Each structure stands twice: as structure tokens, then as C-alpha cells.
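Here is what each chain is made of, one letter per residue.
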Amino acid sequence: MVREICISKEELIENLEAKGLKQKDLHAKAVNIRDEYLSKNVYFRGLIEFSNICNNDCFYCGIRKSNHHVKRYLMSKDEILEAVEFCNKADYGSIVLQSGERRDKKFVNFVIEVVEEIKKRFPKAGITLCIGELNKKVYQKFFDAGAHRYLLRIETSNKRHYEKLHPREMSFEARKKCLKNLKDIGFQVGTGIMVGSPFQRVENLADDLLFFKEIDVDMVGMGPFISHQYAPLKVDGNNKRNFNLSLNMIACLRILMPDINIAATTALQALHPEGREYGLNAGANVIMPLVTPKRYREYYQLYNNKPCIEESSSECLNCITQRIKSVGLIPKFGEWGDSLHYFRRIKNGYSS
Ligand code: SAH
């Protein structure tokens, strides 16, 4: 049984601002809850950033359409399969296929073909997609092809805030509708936000946490907002504050939703060399080692100072395994590590 945990918005705000001893206590509480519900296992998602071609023009993102300084790429099917083969050998239970957003038929069919081929060649691989907003029919096709999880960050749960971060042709409602469609189809659904994005206030972050609870998500990925030299929106707080806020967000969310999967994101490591370990020590239970071939990494920079650009996939494997062990957790190879929350949700007959 999962205890129903109710925390008021005021209490969340107080916890989000925790520093020093109070912050240590908050993280320890979150870690105890994680260990109780999910044990000390940490699951891997090999991250393949297979294309940086994007039709969106988000004001914060380094691969936004109007950044003409970046070379655009789409990995071939064989290159993607090679990366999946690496994951298979490394015994990462799951992979994430992530890209910029495209809605054309050619791209959609390419993704379906790739998912089917992965399932054929590596039937044990769990497949998560993170390729943005598409219509329900297309999501259904991805699901039928064999993908079973989908990540789509809402970026902020506040409509007015959303509109300040995105151009007019993007809509908060459309993104929210996508999350509902994904859930109705049967995906395990993940979302998330950027912590410390311009115009954001701590109250917004508390609302974001309550939003995750309200839409009953299975997985969450959140990391600090970091400026990109060719994106117009720059960080307006300070990185250290955003780093601590990100950790406190992870801890508060673990307390609020004990059985979901929470990622210790790469962006944490961009701000601190041990950022991901801190994420695990605040209650996260998933880690996403980079499996994008080294030759493409420099072109997939959503923000400046993205770590691991110079490393190879094998170096990432060794490094991450060490990092997990260093904080007394168990790297869990060869398992999908599905969100336990998802199974409870479907057993209870969820409403979306
Ligand atoms: N287009 C896909 C994948 C986007 S990249 C999709 O929308 O699902 C994955 C995430 O990177 C985004 O959802 C966003 O939250 C994050 N991101 C983008 N720019 C960032 C920045 N400047 N700082 C921190 N995170 C950023």
C-alpha cells in the first residue's frame, strides 16, 4: 500500500527553500521513502539523442529552430541500432530515443520503423520515446510498434508562464492534451519542468509538484535551467540556487509521490561535478547514461556546458556505475525498472 501523502502548498514552498541542516533532513526523509518503496535499486535508461532537427522555437533551448549556428543531424537507422546494441551489451534495461520535434510523415514513419526493428533485434529492450507533441493516432502507432513509455515535459504547469517561455504557435493546452492522450493509450507517462527558468517563482514550483500529483504521472525528470548562448532567455537567478532548488524539488516530489520513477538528470551534473549523485541522494532512482555517438554529442546541446560531450559511451557506463555505487545504491542492470506507480494506477482503474 502506498500511503496517501498530503502536503500543503505552503509546506512545499518552505521545503523548497530549505538550506543547511533543514535541507539535509529533507533529503534524508526522501531517501528513506525511496528505499522503503523502491529499495536501493537504480535503473538505467541509455539515452540516444538521435536527431537535433526541431520545428519548435522554444526561447530557452539550444536546438531551437532559429539557432542557425548548430549543424543539424538525423542518425541513420543503423547508427541507432548500433547504439542500442551498445545498451544491450552494457545491459542497460531500457533505452530512451530523444530528438527535436518533427511532425512530418517521413519522420513519424522512420521512428515507427526504428522502434519495430529494435523490438525485433533486441526484444528485451524497454523503449521510451521523448520526441515531443504529436497527435493521438501517431502516439498509438508508436505504442503498437513497441514503445511503452513516453516523456514529455510540460516545462511549467502555469499557462501564463508557459507562454513566456514559448512562441505563440505553441500552446500549454496542446501539451497537456498530449499527456492525457499518452496516458489514455496506455503509455507509462513522464513529464517534468526546468527549475529556475526565467519568470518562475518558488510558488510556481510548488504548483508544478501539485500538478504532477494531480495528473498522476508515472515518471518525472527535472533539472536546473541553464542558459544557452544562442537562445534568447538567460538564467536570471543564480546557478547555485537553481541547483539546490532542483534537489529540493526531487526530494519534495519523492515525499509526495513515493512510488514514481524520478531521474537524476544530466543537467544537475552540468552545474556540479557530482550533481547526479546529489540527485540520487535527494530521492531519485533513475539515471540516463548518454549513448549518443560521440561524433554527434556536440550538436545536441540544449544548454551550455553540457557534461559528457567528450566521453565515449563505454566511459559513461563506467563512470555512472561508479557514481551509483559511491552513494551506496545498487546499479540494476538488465531490468526495465518500470514505474511501480504505473502498475498501481492501472490496477486501481485510473482516470486521466
Ligand atoms: N523535443 C523533445 C525533447 C526535448 S529536449 C520534447 O519536447 O520532449 C528535453 C528537455 O530539455 C526539454 O523538455 C527541456 O525541459 C530541457 N531543456 C531545454 N533547454 C534547456 C535549458 N536551456 N536548460 C535546461 N533544460 C533545458
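Because the structure is a prediction, the values reported are computed rather than measured.

Draft legend 1. Geometry of the overall build of the protein chain. Broken down by element type, the protein chain carries 14 helices and 10 strands. Over its C-alpha trace the protein chain gives a radius of gyration of 19 Å, about what one expects of a compact globule, namely 20 Å for 352 residues. In terms of overall dimensions, the protein chain has a C-alpha envelope of 50 × 40 × 40 Å along the principal axes. Within the protein chain, the proportion of its 352 residues that are buried is 61%.

Draft legend 2. Spotlight on the environment of Lys89. For Lys89, the location among the structural elements is in helix H3 (residues 77-90). Taking the C-alpha atoms as reference, Lys89 lies 14 Å from Cys316; in sequence the two are 227 residues apart.

Draft legend 3. Quick peek at the pattern of salt bridges. This model, assessed by the stated rule, comprises 22 salt bridges. When the shortest N-O distance is used, the salt bridge between Arg34 and Asp35 registers 3.1 Å. By relative accessible area, which is 3% here, Arg34 ends up buried. Notably, a salt bridge pairs Glu101 with Arg103, separated by 3.2 Å at the nearest N-O pair. The exposure class assigned to Glu101 is buried, which follows from its relative accessible area of 9%.

Draft legend 4. Expanded view of the site of the ligand. In the vicinity of the ligand there are 17 residues, among which Glu101, Arg153, Glu155, Arg175 and Ile226 approach most closely. One of the backbone N or O atoms of Tyr60 is found 3.0 Å from a nitrogen atom in the ligand. At 2.6 Å from an oxygen atom of the ligand is found a side-chain nitrogen or oxygen belonging to Glu155. In the complex, the protein chains occlude 93% of the 550 Å² of accessible area that the ligand would expose alone. Partitioning the shell around the ligand into residue classes produces 10 nonpolar, three polar and four charged.

Draft legend 5. The arrangement of the nonpolar core in detail. Within the largest apolar cluster, 105 residues are counted, with the highest numbers of intra-cluster contacts made by Phe50, Leu97, Ile118, Tyr139, Phe142, Tyr150 and Phe212. A total of 10 residues in this core trace back to one element, the largest contributor, which is helix H9 (residues 239-256). With 11 residues, the next largest nonpolar core counts Leu151, Met219, Val286 and Cys316 among its residues.

Draft legend 6. Here's a closer look at H3. The terminal C-alpha atoms of H3, which comprises 14 residues, lie 20 Å apart, in line with the 20 Å expected from a rise of 1.5 Å per residue. Within H3, the full set of buried residues consists of Glu79, Ile80, Leu81, Ala83, Val84, Cys87 and Ala90. Here the buried face of H3 lies against strand E1 (41-51), strand E2 (94-99), helix H4 (105-121), helix H12 (294-297) and helix H13 (313-326).

Draft legend 7. Geometry of helix H2 (residues 20-38). When the terminal C-alpha atoms of H2 are compared, their 27 Å separation across 19 residues agrees well with the 27 Å that a helix rising 1.5 Å per residue should span. When H2 is considered as a whole, its buried residues turn out to be Gln23, Leu26, His27, Ala30, Val31, Ile33, Arg34, Tyr37 and Leu38. All buried residues of H2 fall inside an arc of 160° around its axis, so they share one side. The outward face of H2, more than 90 degrees from its buried face, is lined by the exposed residues Leu21, Lys24, Asp25, Asn32 and Glu36. Contact partners of the buried residues in H2: helix H1 (9-16), E1, H9, helix H11 (275-280) and helix H14 (340-347).

Draft legend 8. Molecular detail of the pairing of strand E3 (residues 126-130). In terms of burial, E3 is largely enclosed, as five of its five residues are buried. Neither face of E3 is left uncovered, since the one carrying Gly126, Thr128 and Cys130 and the one carrying Ile127 and Leu129 both have all their residues buried. Pairing of E2 with E3, which is carried by five bridges, proceeds in the parallel orientation. Within E3, the position partnered with Gln98 by the bridge is Cys130. Handedness of the crossover joining E2 and E3 through H4 is recorded here as right-handed. Where E3 meets strand E4 (residues 149-151), two bridges bridge the pair, whose relative direction is parallel. Opposite Thr128, over in E4, you have Arg149 as the bridge partner. Considered for its hand, the β-α-β crossover made up of E3, helix H5 (residues 136-145) and E4 is right-handed.

Criteria and thresholds
- Residues numbered from 1 in each chain as written.
- Predicted model: local features only at pLDDT ≥ 70, side-chain atom pairs only at ≥ 80, totals over all residues.
- Heavy atoms only, no water.
- Helix = DSSP H or I, 4+ residues; strand = E, 2+ residues; numbered from the N terminus.
- Rg over C-alpha atoms; globule rule 2.2 N^0.38 Å.
- Buried < 20%, exposed > 50% of the residue type's maximum accessible area, 1.4 Å probe, protein only.
- Salt bridge = Lys/Arg side-chain N within 4 Å of Asp/Glu carboxyl O.
- Near = heavy atom within 4 Å.
- Polar contact = N/O pair within 3.5 Å; in protein donor to acceptor, adjacent residues only side chain to side chain.
- Areas by Shrake-Rupley, 256 points an atom, 1.4 Å probe, with all protein chains shown as cover.
- Nonpolar A, V, L, I, M, F, W, Y, C, P; charged D, E, K, R; others polar.
- Core = buried A, V, L, I, M, F, W, Y, C linked by side-chain atoms within 4.5 Å.
- Expected span 1.5 Å × (residues − 1).
- Contact = heavy atoms within 4.5 Å.
- Arc of directions from axis to C-beta.
- Pairing = 2+ DSSP bridges.
- Right-handed = clockwise from strand over helix to strand, strands pointing away.

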